[in-house]
Number of protein chains: 2
Amino acid sequence: MKLRDENKVPQIYQATLKLVRASGIAGITMQAVAKEAKIATGTLYIYFNNKESLLVGLFNECAKNSASGFFRNYDPGGPFKTGFRTIWLNILQYRISHFEEMLFIEQFFTSPYIEEATKMAVKKIFDPLRELIQRGKDEHLIKDIDSFWLLTFMTGNINEIAKRIHYFNKKLTPEIEDLNFQLCWDGIKS
Amino acid sequence: MKLRDENKVPQIYQATLKLVRASGIAGITMQAVAKEAKIATGTLYIYFNNKESLLVGLFNECAKNSASGFFRNYDPGGPFKTGFRTIWLNILQYRISHFEEMLFIEQFFTSPYIEEATKMAVKKIFDPLRELIQRGKDEHLIKDIDSFWLLTFMTGNINEIAKRIHYFNKKLTPEIEDLNFQLCWDGIKS
DNA sequence: AATATAAATGAATATTTATTCACTTATAAA
DNA sequence: TTTATAAGTGAATAAATATTCATTTATATT
C-alpha cells in the first residue's frame, strides 16, 4: 500500500501561510490552498477533516514553533540584561523570519476558529520571560511596575518592528537591532 | 417619495464593526451584518453596491475618524514634550475607545479588499506627528535616530496597550497612562 | 510479479453566502 | 387627499466555496 507523504502537511501549512500573507485569513479557500500546495483539493481532506481543523492545526504548529524559537540560547542563570537581550532578539528575529506565522497567529486570535482554551495555552509561552522580568525587578535593574505592562511594552514594540521590516522592505541590520533594543532598554531600565 | 434614512449607513457600519470584533473580517457575512443592524439583507444593497464597497466605505470612514481624533487639542506651536504627550495620549485613547475600528483597519490592511493607493493615503495621517518628531530631534530633546523607528517604537507600544486593555479587561487609569507614557518617553529621550 | 491497501485526483455535489427582484410600505410633492 | 417615487423587505436565485466520492495511481507486502 501507499504510505502517507510526510511532507504533505508542512506543504499544506506553507501554502496556507503564503495565502494569509497575501490576503489574510478572510481570503483563504480550500481550492486556493490546494492550488498553492500543488495538490488536488480532495487530498486536503486526507490530511484534515475540514477547513477548520486545517487552520487549527496550523495555529498549534505555529504556537509550538514560536515557543521554541523565543528561548533559543537563553540561559536563565546568566545576567539579567544578557538574558533579556537574548530573548528580545530571539522574538524579533523569529517574528521577522517567520512573518507569515506571526500574521496568521494574530488574525487567528480574532477569527471564528479560535477557542478560549487555546488563547490561555498560548499565554503560557511567555512564562519564562515573565519570570525573567520579575527577576529584573527584584534586582532593581528595571522599573518596578506591573510585569504586565513591561511585557506589553516589549512585545508591542517587537511586533511593530517586524511588521514594518516587512511592509517597508527594510533589513534588520545589527545597527537597527541595536538602536531598537536601546529604545526598549532605556524605556524599562530603572 | 420616501427619503433615504441617514442613520442607516452609520448603523450598518456599527453592525459590521461589532462583527469584526467578535470574529474578524473572515467572519463577516452580509446576512449577519443585516441581522445585527436590524434591517433586511436587501436593504444593504440600497446603500452599498456590494460587500466590497461596504467594507471599503467603512475603512475610509475609520481612517477619516482616526485622523481627526489623533490631533485633537494638539498645538504645533507648543513645547515638544507637551505636544508629544498630547498626541501619544490621543492615539491611545482613540484606539481604546474605538477599538473595533482599530481591529478592522488592521485586518483590512491584510485582506483581499485593500488597494495600494489606500495604503499610501493612510500613511499620510501621521504626517503631523512625523514633523513633530523631527522637531524633537532638531531641539536635541530625543534620540537622533531615524524617525521611522521612533514612530515604530511609539505606535507599536500604543497598539499593544490598546489591545491588552481590551483583551484583559483593564481600565486606562491616569496611573496606567502615566507609567506607559514614562516607558515610551524614557525610551526616546536623549 | 501479483495483490491489497491507501494515497491522490478532480469533477460532482452540498453548503454557504452574495446578490437580485417582485412586492409592500412610507412619504415628499402635487 | 392622491399620486409618484424610492425605501424597505425577505424569499428566490446566483455565485462561491466546502466537501464528497468514484476512479486512478503508487507502493508496501506477500
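Source: prediction; values computed, not measured. (Residues numbered from 1 in each chain as written. Chains lettered and ligands numbered in written order. Predicted model: local features only at pLDDT ≥ 70, side-chain atom pairs only at ≥ 80, totals over all residues. Heavy atoms only, no water.)

**Student:** Just checking my understanding: could you explain the protein's contact with DNA strand D for this structure?
**Tutor:** Met30, Gln31 and Lys51 of chain A together with Thr43 and Tyr47 of chain B are the nearest of the 24 residues found near DNA strand D. Among the atoms of DNA strand D lying within 4 Å of the protein, the sugar-phosphate backbone contributes 64%. Within the backbone of Ala40 of chain B, one N or O atom sits 3.1 Å away from a phosphate oxygen of DNA strand D. Thr43 of chain B is positioned such that a nitrogen or oxygen atom in its side chain is 2.6 Å from a phosphate oxygen of DNA strand D. Contributing elements (two or more residues each) for the surface near DNA strand D: α2 (30–36) and α3 (41–47) of chain A together with α3 (41–47) of chain B. Looking at which element gives the most residues to the surface near DNA strand D, the answer is α3 of chain B, with 5 residues. Looking at the surface near DNA strand D residue by residue, the classes come out as 11 nonpolar, 7 polar and 6 charged. (Near = heavy atom within 4 Å. Polar contact = N/O pair within 3.5 Å; in protein donor to acceptor, adjacent residues only side chain to side chain. Helix = DSSP H or I, 4+ residues; strand = E, 2+ residues; numbered from the N terminus. Nonpolar A, V, L, I, M, F, W, Y, C, P; charged D, E, K, R; others polar.)

**Student:** In this structure, what is going on with the environment of Glu52 of chain A? I would like to understand it.
**Tutor:** All names here are of chain A. Counting through the fold element by element, Glu52 comes out in helix α4 (residues 51–70). Taking relative accessible area as the criterion, Glu52 reaches 38% and is therefore assigned partly exposed. The spatial distance from the C-alpha of Glu52 to the C-alpha of Ile114 is 9.4 Å, given a sequence separation of 62 residues. (Buried < 20%, exposed > 50% of the residue type's maximum accessible area, 1.4 Å probe, protein only.)

**Student:** Which parts of the structure should I look at to understand the packing of aromatic side chains?
**Tutor:** The geometry of an aromatic ring pair is captured by two quantities: the separation of the ring centres and the angle between the planes. Taken as a whole and assessed by the stated rule, the structure comprises 35 aromatic pairs over all chains. Seen in terms of ring centroids, Phe70 of chain A and Tyr94 of chain A are 5.8 Å apart; in terms of plane orientation they differ by 90 degrees. Their pairing is edge-to-face. Highlighted residues: Phe70 of chain A in helix α4 and Tyr94 of chain A in helix α5 (residues 80–97), separated in sequence by 24 residues. The class for Phe70 of chain A is buried, based on a relative accessible area of 2%. Overall, Tyr94 of chain A belongs to the buried group, its relative accessible area being 10%. Considering the side-chain rings of Phe59 of chain B and Phe108 of chain B, the 4.5 Å spacing of their centres and the 20 degrees angle between planes classify their relative orientation as stacked. Separated by 49 residues along the polypeptide, Phe59 of chain B in helix α4 (residues 51–70) and Phe108 of chain B in helix α6 (residues 99–109) bring together distant segments of the chain. On the basis of relative accessibility, which here comes to 1%, the residue Phe108 of chain B falls in the buried class. Taken together, the ring pairs connect Phe59, Phe104, Phe108, Phe109 and Tyr113 of chain A into an aromatic cluster. Over the face of the ring belonging to Phe148 of chain B we find Arg164 of chain A, whose NZ or CZ atom lies 5.3 Å from the ring centre. (Phe/Tyr/Trp six-rings, centres within 6.5 Å; stacked < 30°, edge-to-face > 60°. Lys NZ or Arg CZ within 6 Å of the ring centre and 35° of its normal.)

**Student:** Can you walk me through helix α1 (residues 8–23) of chain A in this structure?
**Tutor:** Note: α-helices contain 3.6 residues per turn, so residues at a spacing of three or four share the same orientation. Residue and element names in this part refer to chain A. End to end, α1 covers 23 Å across 16 residues, agreeing with the expected 22 Å (1.5 Å per residue, within 8%). Along α1, the positions that sit buried rather than exposed are Lys8, Ile12, Tyr13, Ala15, Thr16, Leu17, Leu19, Val20 and Ser23. Check the buried side of α1 and you find it contacts α2, α3, α4 and α6 (99–109). The first or second residue beyond α1 is Gly24, which carries a positive phi of 75 degrees. (Expected span 1.5 Å × (residues − 1). Contact = heavy atoms within 4.5 Å.)

**Student:** Would you take a moment to explain the domain arrangement of chain A for this structure?
**Tutor:** Frequently, the measure chosen for interface size is the accessible area that the parts lose on association. All names here are of chain A. Each assigned domain of chain A is listed here: domain 1 (1–48) and domain 2 (53–188). Measuring from the centre of the C-alpha atoms in domain 1 to the corresponding centre in domain 2 gives 28 Å. Contact between domain 1 and domain 2 buries roughly 1,300 Å² in total, counting both sides, with carbon and sulfur atoms accounting for 79%. Counting across the domain 1 and domain 2 interface gives 3 residue pairs in polar contact (both at pLDDT 80 or more). Of all the elements in the fold, those that place two or more residues in the side of domain 1 that touches domain 2 are α1 and α2. Looking at the side of domain 1 that touches domain 2, the element that brings in the most residues is α1, giving 6 residues. Among the residues forming the side of domain 1 that touches domain 2, the class breakdown is 10 nonpolar, 2 polar and 1 charged. (Domains from an automatic or database assignment. Buried area = accessible area lost by both parts, 1.4 Å probe.)

**Student:** Would you explain the nonpolar core in this entry?
**Tutor:** Among soluble globular proteins, nonpolar side chains are generally buried collectively. In terms of nonpolar packing, the biggest core is built from 132 residues, with Phe104 of chain A together with Phe104 of chain B touching the most fellow members. Those residues in contact with Phe104 of chain B, other than ones at most four positions away along the chain, are Leu17, Val20, Ile25, Leu55, Leu58, Phe59 and Cys62 of chain B. (Core = buried A, V, L, I, M, F, W, Y, C linked by side-chain atoms within 4.5 Å.)

**Student:** Could you clarify how one ought to interpret the relation of the copies chain B and chain A in this entry?
**Tutor:** There are two copies of the chain, and a rotation about an axis plus a shift along that axis relates them. Its rotation angle being 180 degrees, the transformation that places chain B on chain A also includes 0.0 Å of axial translation and leaves an RMSD of 0.1 Å. Here the symmetry operator amounts to a two-fold rotation axis. Residue by residue, 100% of the interface of chain B is reproduced at the interface of chain A, so both copies engage with the same surface. (Least-squares fit on C-alpha atoms with pLDDT ≥ 70 in both.)

**Student:** So what exactly am I meant to see when it comes to the side chain of Arg95 of chain B here?
**Tutor:** Counting through the fold element by element, Arg95 of chain B comes out in helix α5 (residues 80–97). Despite its burial, Arg95 of chain B pairs with no opposite charge; the closest candidate is Glu160 of chain A, at 6.9 Å N-O. Within the structure, the side chain of Arg95 of chain B is placed 2.2 Å from the side chain of Asn159 of chain B, a separation counted as a polar contact. In this structure, Arg95 of chain B is in contact with Phe70, Met102, Phe126, Thr155, Asn159 and Ala162 of chain B, ignoring residues within four places of it in sequence. (Lys, Arg positive; Asp, Glu negative; His and termini not counted. Salt bridge = Lys/Arg side-chain N within 4 Å of Asp/Glu carboxyl O.)

**Student:** Help me out: how do you make sense of the interface of chain B and chain A in this one?
**Tutor:** Each partner contributes to the interface: chain B provides 41 residues, whereas chain A provides 41 residues. Roughly 3,400 Å² of surface becomes buried between chain B and chain A when both sides are summed, with 69% attributable to carbon and sulfur atoms. Contact with chain A buries surface across chain B, with Thr110, Trp149 and Leu183 of chain B losing the most and accounting together for 21% of the total. Here chain B is connected to chain A by 4 salt bridges. Here chain B and chain A share 8 residue pairs in polar contact (both at pLDDT 80 or more) between them.

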